[in-house]
Every structure is written in structure tokens, then in C-alpha cells.
Amino acid sequence: MDKHFETLAVRTQSGQTLHKEHAVPLYLTSSFTFDNAEEMRAAFADETDANIYSRFSNPNTDEFAEKLALLEGAEAGYATASGMGAVFASFMAFLKSGDHLLVCRSVFGSTHTVLTKYLSRWGITHSYFDADKPESIEGLIQKNTKMIFVETPSNPGLDIIDLELLGKIANKHNVLLNIDNCFATPYLQQPIKYGAHIVTHSATKFIDGQGRVLGGAVVGKKELIKEVYLFCRATGPALSPFNAWVLSKSLETLAVRMDRHCDNALKLAKALQKNKFVDHIKYPFLETHPQYSIAKKQMKQGGGIVTFNIKAGIEQGKKFLDALQICSLTANLGDTRTIATHPASTTHAKLSEEERQAVGITPGLVRISAGLEHVDDIINDIEQALLVSGN
Ligand SMILES: Cc1ncc(COP(=O)(O)O)c(C=O)c1O
């Protein structure tokens with residue numbers, strides 16, 4: 001019997017112990033024991049699946065990674081200590097000196113730093129393509145292009161890239177397609193259905209959903225995840241069992257939380273469209289979004305993030321943030337609590353002004369992660385802060 005997303009999220013868990021507990025126990029142990037030398041030898045020789053050491057595997061991290069893989073429609077997964085651990089591992093497991101990466105221009109600030117500061121040091125080059133010029137992608141593929149890496153929706157630009165098109169291009173040119181699915185989560189979008197080979201996640205965001213723990217994961221085909229596992233096993237970005245335990249429980253409520261995040265975000269975006277202090281309101285499911293039809297095609301709903309521009313610029317932007325009474329000023333997103341951030345002075349401060357402009361980060365850009373408070377209170381708080389800063 002094929003089960004629905006919600007049922008898989010709630011009912012997928014590792015086997016019961018002899019205590020017959022209902023909730024999965026926390027396996028807070030660095031290593032695992034063997035009954036004899038032969039059993040231990042066989043485990044190290046990969047002849048059995050026995051747990052050896054929690055840097056390699058652990059029942060809690062395995063449960064989280066396997067459940068996320070199932071929800072993404074992937075064969076396997078490996079959990080990492082953070083989203084950046086997952087992004088970095090997904091590069092290092094497959095790329096070598098001389099390889100080329102094709103990347104959408106609007107990527108998360110730390111991913112941009114990895115590409116420009118670190119991968120370049122090891123002779124791995126990259127080219128950017130613009131989300132609004134998908135016709136340019138194929139022409140940018142070089143002989144040594146090994147991977148296409150994309151965020152959709154992107155952070156913070158909310159650019160949407162056509163996954164079906166990317167899947168076709170990647171498979172035609174035999175290039176790995178790697179999608180950072182952090183903003184959508186598998187509940188709203190499953191890139192593997194469109195031909196993606198690997199999907200990376202920051203589980204710190206909507207997957208945890210309550211701003212408690214960091215985590216990440218890479219999911220995909222078994223043989224690809226084996227490479228990620230071998231890289232991580234040797235280099236050490238393993239997820240802590242405690243964080244995995246939290247994140248696996250969080251997946252149980254992902255669908256209901258995402259429904260409300262999306263509902264609140266859409267209502268907020270519509271309210272902002274009527275506000276005289278802001279312009280460039282961006283939300284994937286607003287008809288004014290440049291890639292609205294693609295968002296509608298590949299996403300179940302528009303996600304929990306809304307961006308807008310404070311017309312009067314940065315000084316008014318700061319006054320706006322200071323005037324908020326409910327929304328939190330913090331670097332995270334995907335929390336139960338609505339969060340306001342100013343990307344130009346925080347997450348994307350390391351980019352040059354030109355680089356920020358190229359990805360649509362204006363000095364007055366504000367990113368709102370719509371939380372789970374009552375939507376009227378979210379809208380009222382943002383509207384009163386805009387009024388204070390606008391006068
Ligand atoms: C799209 C995206 N990818 C990756 C990351 C990195 O995740 P983490 O903070 O868990 O390392 C973030 C963090 O904001 C993100 O927004």
C-alpha cells in the first residue's frame with residue numbers, strides 16, 4: 001500500500017528495543033560494541049551494516065537521513081552537522097581539481113564563499129547563470145562541467161528555476177544535478193522527480209522548524225550517497241545523534257507546519273502589495289513573481305518566505321527593523337516565530353555591492369520568514385513598523 005507523505009513522515013522510525021518504547025530512544029553514544037573480533041572485523045570490512053562509530057553512522061542519524069530520503073523520493077541519505085556541511089560534502093564527494101561547476105547566481109552567501117574562496121583554491125572553477133535566463137544554461141556547460149548546483153527558491157532572491165528543464169539538460173550532458181531544497185522542503189517540492197541526482201538540505205530551517213538545532217543532509221541515489229558517506233566518514237561533519245533525534249521528530253509535523261507557513265506568507269505578501277511604503281514584493285505564488293508559472297508547476301505551495309523593498313532605502317529599513325514588536329531580528333528562517341532580516345548587512349554582507357545587485361539584493365531588501373503566529377498579528381506588526389519608519 002502506497003502511503004501519503006504525512007503518514008511516511010509520522011510512521012517511519014527505527015525498530016523498537018526490548019522496552020517497546022513508542023517514541024524512538026536517543027542513542028547518545030560515540031561508539032558501538034561487538035561480541036567478538038570476527039564481528040568487529042566484518043563491520044570494518046563493510047560486510048555487515050553494524051554501527052561502528054557515530055561519525056560513520058548512528059541509529060538516530062540514520063533514521064533522520066532515511067526518512068528524509070524517503071520523503072524526497074531518494075534511495076538513500078547521509079545526515080550532516082549543518083546545511084553547509086551538506087553543501088560542502090556534496091561538492092567534495094564528486095569534484096576534483098580541473099572540474100567545473102555551473103551554479104545559479106543567487107545562492108546562499110556561505111555557498112558563494114565556498115565557491116569563490118575555497119573551491120577555487122583547489123582548481124575547481126564555476127560559472128554563474130541567471131535564473132531569469134534559463135535558455136543560457138546549456139551554452140555555459142563546458143567539457144569539464146561535472147555538476148549543476150541550484151537553489152530554488154533561492155535565498156534571499158526567491159528566484160525559481162525550472163527543475164524539469166534542468167533535469168533534461170543535466171541528463172543530456174551527463175552532469176550531476178544538485179538541488180538545495182532548503183526553502184521548499186520535500187513537502188512542497190521533490191527535485192528528484194524532475195531528474196535531480198542529489199538534493200541537499202539545511203535541516204536547520206523548516207525541517208527543525210522551531211529554531212533549536214543545526215543539521216543538514218544529502219539525499220540521492222545509493223551509489224552517489226555512498227561517496228558522500230565515505231567523504232564524511234573520513235572528514236567528520238557528522239550530525240549529532242541528539243540533533244538527529246530532534247530533526248526526525250520535527251519531520252513528523254513538517255506538513256502541517258508548512259501548510260500554515262505558506263498560508264501566512266501568501267496573506268502577508270498580498271497585504272504588502274497594498275502598502276505604500278514598500279515595493280518589489282516577491283513571493284513565488286504571487287502572480288507578479290517573474291517565474292510564477294514555473295513555481296506553480298513544481299511547487300505545491302509558495303513557501304514561507306516573502307521579500308520586499310523599503311522604498312526609502314537603508315536608513316528607513318533599519319528604522320523598520322527597530323520598530324518591530326513581534327517579529328524577531330535573527331539570522332535564521334523557517335521558525336515558528338516570524339523573522340525579519342536585512343540580507344545586505346547580514347547574510348550577504350561579504351558580497352560586493354555589485355554582486356549583491358546582480359542577485360537582486362537591494363540596500364532596502366527585507367526578508368520575512370513567516371512564522372506560525374496568527375497571521376493578523378504578523379501583518380499588523382509589519383504594517384505598524386512600516387508606518388513608524390515611513391514617518
Ligand atoms: C538555501 C540555504 N542553503 C544552505 C544553508 C546553510 O545551512 P546551515 O545554516 O544549516 O549551515 C542555508 C542557511 O541559511 C540556506 O538558506
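Here the structure is a predicted model, which is why all the values come from computation and not from measurement. (Residues numbered from 1 in each chain as written. Predicted model: local features only at pLDDT ≥ 70, side-chain atom pairs only at ≥ 80, totals over all residues.)

> Looking at this structure, I do not really get the overall build of the protein. What am I missing?
Looking only at helices and strands, the protein features 14 helices and twelve strands. Principal axes of the C-alpha set define a box for the protein whose edges measure 75 × 55 × 40 Å. Counting only contacts in the protein whose residues sit at least 6 apart along the sequence, the fraction spanning at least 24 positions is 73%. (Helix = DSSP H or I, 4+ residues; strand = E, 2+ residues; numbered from the N terminus. Contact = placed C-beta atoms within 7 Å.)

> Looking at this structure, I do not really get the sheet that holds strand β12 (residues 365–369). What am I missing?
Sheet strands line up and pair through hydrogen bonds in the backbone, either parallel or antiparallel. Strand order across the open sheet formed by five strands is β8-β9-β12-β11-β10, with mixed pairing between neighbours. Strand pairing shows two members of the sheet lacking a second neighbour, β8 (278–282) and β10 (328–329), which therefore form its edges. Summarising the sheet, β8 and strand β9 (residues 305–310) pair through three bridges and their orientation is antiparallel. What sits directly across from Asp-279, in β9, is Asn-309. (Pairing = 2+ DSSP bridges.)

> Looking at this structure, I do not really get the site of the ligand. What am I missing?
Looking at the ligand, there are 14 residues lining it, with Ser-82, Gly-83, Met-84, Ser-202 and Thr-204 nearest. Element by element, the count of residues in the shell around the ligand is highest for helix α4 (residues 83–92), at three residues. Each residue belonging to the shell around the ligand can be placed in one class, and the counts come to five nonpolar, seven polar and two charged. (Near = placed C-beta within 6 Å. Nonpolar A, V, L, I, M, F, W, Y, C, P; charged D, E, K, R; others polar.)

> Where do I start with helix α14 (residues 375–390) in this structure?
Along an α-helix, residues three or four positions apart point the same way, because every turn accommodates 3.6 residues. Along its 16 residues, α14 runs 22 Å from first to last C-alpha, staying within 8% of the 22 Å computed at 1.5 Å per residue. Regarding α14, the residues found buried are Ile-378, Ile-382, Ala-385, Leu-386 and Ser-389. One face of α14 carries all of its buried residues, which in axial projection span an arc of 100°. The elements touched by buried residues of α14 are α10 (254–272), β8 and α12 (314–323). (Expected span 1.5 Å × (residues − 1). Buried ≥ 20, exposed ≤ 12 C-beta atoms within 10 Å, placed from the backbone. Arc of directions from axis to C-beta.)

> Looking at this structure, how should I read the packing of α10 against α14?
Between two packed helices, both the angle of their axes relative to each other and the distance between the axes serve to describe the pair. At their nearest, the axes of α10 and α14 sit 10 Å apart, and the two run at 35° to each other. As for the relative orientation of α10 and α14, their crossing is right-handed in sense. Residues Asn-264, Lys-267, Leu-268 and Ala-271 of α10 touch α14, and the partners they reach there are Val-375, Ile-378, Ile-379 and Ile-382. Across the contact of α10 with α14, the residue classes tally to six nonpolar, one polar and one charged. (Axes fitted to C-alpha atoms, helices over the stretch in contact; angles between N-to-C directions. Left-handed = near helix turned anticlockwise from the far one by under 90°.)

> Would you take a moment to explain the pairing of β12 for this structure?
Here is the key point about a regular strand: its side chains alternate between the two faces of the sheet. For β12, a buried count of five out of five residues is recorded, marking the element as mostly surrounded by other parts of the structure. Every second residue of β12 is oriented toward a common face, with Leu-365, Arg-367 and Ser-369 on one face and Val-366 and Ile-368 on the other, all of them buried. Examined bridge by bridge, β9 and β12 share five bridges and lie antiparallel to one another. Note that in β12 the partner of Thr-307 across the bridge is Arg-367. In terms of strand pairing, strand β11 (residues 339–341) meets β12 through three bridges, oriented antiparallel. In the strand pairing of β12, Ala-340 is matched with Ile-368.

> Would you take a moment to explain the sheet that holds strand β7 (residues 216–220) for this structure?
Read from one edge to the other, the open sheet built from seven strands follows the order β1-β7-β6-β5-β4-β2-β3, with strand pairing classed as mixed. Taken across any chain shown, the strands that pair with only one partner, and hence form the sheet edges, are β1 (76–80) and β3 (125–129). Neighbouring strand axes in the sheet, compared pairwise and without regard to direction, differ in orientation by 20° on average. When strand β4 (residues 145–151) meets strand β5 (residues 176–180), the two strands line up parallel, connected through five bridges. Across the sheet, Met-147 pairs through a bridge with Leu-176, a residue of β5. Lying over the sheet, helix α6 (residues 163–172) contacts β4 and β5, oriented at roughly 155° with respect to β5.

> Quick question: what am I supposed to make of the environment of Gln-210 here?
Secondary-structure assignment places Gln-210 in the loop between β6 (198–202) and β7. According to the C-beta neighbour criterion, Gln-210 is partly exposed, with 14 such atoms within 10 Å. It is 9.4 Å that separates the C-alpha atoms of Gln-210 and Leu-333, two residues lying 123 residues apart in sequence.

> Just checking my understanding: could you explain the domain arrangement of the protein for this structure?
Where interface size is given, it is often the accessible area lost as the parts come together that is meant. What the domain assignment reports for the protein is domain 1 (5–252) and domain 2 (255–390). On a C-alpha basis, the centroid separation for the pair domain 1 and domain 2 is 27 Å. Each side of the interface is counted separately: domain 1 has 31 residues, and domain 2 has 35 residues. Of all the secondary-structure elements, those providing two or more residues to the side of domain 1 that touches domain 2 are α1 (5–11), α5 (109–118) and α7 (185–188). Considering only residue class, the side of domain 1 that touches domain 2 consists of 14 nonpolar, eleven polar and six charged. (Domains from an automatic or database assignment.)

> Explanation requested: the environment of Ala-255 in the structure shown.
The topology assignment puts Ala-255 in helix α10. Judged by C-beta crowding, with 20 C-beta atoms within 10 Å, Ala-255 ranks as buried. A sequence separation of 44 residues divides Ala-255 from Met-299, and the C-alpha atoms of the two residues are 14 Å apart. Aside from chain neighbours lying at most four places away, what touches Ala-255 is Phe-5, Glu-6, Ala-9 and Tyr-187.

> For this particular structure, what's the right way to read the packing of helix α3 (residues 59–72) against helix α9 (residues 241–252)?
Here α3 crosses α9 at 35°, and the two axes come no closer than 7 Å. Considering the relative orientation of α3 and α9, their crossing is left-handed. Along the contact surface, α3 presents Asn-60, Thr-61, Glu-63, Phe-64, Lys-67, Leu-68 and Leu-71, while α9 presents Pro-241, Ala-244, Trp-245, Leu-247, Ser-248 and Leu-251. Here the contact of α3 with α9 is composed, by residue class, of eight nonpolar, three polar and two charged.

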